[in-house]
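# An overview of the molecular structure
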Amino acid sequence: MENAPEKQFSVGWTLLRVASIWLMSYIGYYAFLPVFGFGSGYNGSPVAITVYYIFWIVVSLITFRHIFEDWRPIENRLNIFLFLAVSFLGMAIFAAYAIPNLPSIVWTEPWAPPELMVANSWYFLPKAAEIFLQQLLIAALVLTFFERNYSMRSITWWCVILFGGAHFLLAFGGVPAGYVIRFTLSAAIFGAIFPRLILRVPNGFAYSYTLHWVYYAITIVMAHTVSPYAVF
């Protein structure tokens, strides 16, 4: 990695590209996709939105190819392949069988609920792609900080601020303030966890991704079971 061009590992340059991809993917979701009739969200247009996020994943891989070229997120070991197999099987079972059997939600508030709160089985197809995109952008930042000899404490604080702050963008998507605050705080906490997994734990990227996915699964279950809008 030390032979890569200096610009490729400049923190400011990486941060600019990460922010650009994040913002463009976010704006495109709300402004570009509806133009083509895909404005019904993850539940209504799962395949189209999955393809949309795959496009941004490819863009990210190309954009940060010099950062990722020597990175080994997954080791060639049986234990990690078993973990991934069990994880993906669990995700599929949860989406296909658990979600349809959750209690319904009846809203009494004048505002429309976030799509996440009323997810159907198809929700996790595009969500899995979106989470992977976010994890790639986080990894690009973390690896850049590491290559520039930032301490783990500094990397952690940067990720807390940036990952938490990025989720504040939900405020511009019509999500109520209470949910914006909750997701922003949760993202800040995960921002403190992800760098340590990526840098210090073998196969940490796989664990980081799975943890990220599980958070959304728990959020959905809580919305359908312990929220005041759940109907048994």
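If you look the chain up in an unreviewed UniProt entry, it shows as CPBP family intramembrane metalloprotease.

## Quick look at empty space enclosed by the protein
In total, this model carries one cavity of 30 Å³ or more according to the counting rule given. Approximately 50 Å³ is the volume found for the largest cavity. Together, Phe-163, His-167, Phe-183, Ser-186, Ala-187, Phe-190, His-212, Tyr-215 and Tyr-216 line the largest cavity. Residue assignment for the lining of the largest cavity shows that the elements contributing at least two residues are helix 8 (177–200) and helix 9 (204–225). Its residues assigned to classes, the lining of the largest cavity shows six nonpolar, three polar and no charged.

## Focus on the layout of surface pockets
Within this model, the second largest pocket holds a volume of roughly 230 Å³. Around the second largest pocket, the lining is made up of 15 residues, and of these Val-18, Trp-22, Leu-162, Phe-163 and Ala-166 lie nearest the centre. Elements with a contribution of two residues or more to the lining of the second largest pocket: helix 1 (11–32), helix 6 (124–147), helix 7 (152–166) and helix 8. Counted by class, the lining of the second largest pocket contains 14 nonpolar, one polar and no charged residues.

Rules behind the numbers
- Residues numbered from 1 in each chain as written.
- Predicted model: local features only at pLDDT ≥ 70, side-chain atom pairs only at ≥ 80, totals over all residues.
- Heavy atoms only, no water.
- 1 Å grid on protein atoms, 1.4 Å probe; cavity = no way out; pocket = protein on both sides within 12 Å on 5 of 7 lines; lining within 4 Å.
- Points joined across faces, edges and corners; volume = space filled by probe spheres on them.
- Helix = DSSP H or I, 4+ residues; strand = E, 2+ residues; numbered from the N terminus.
- Nonpolar A, V, L, I, M, F, W, Y, C, P; charged D, E, K, R; others polar.

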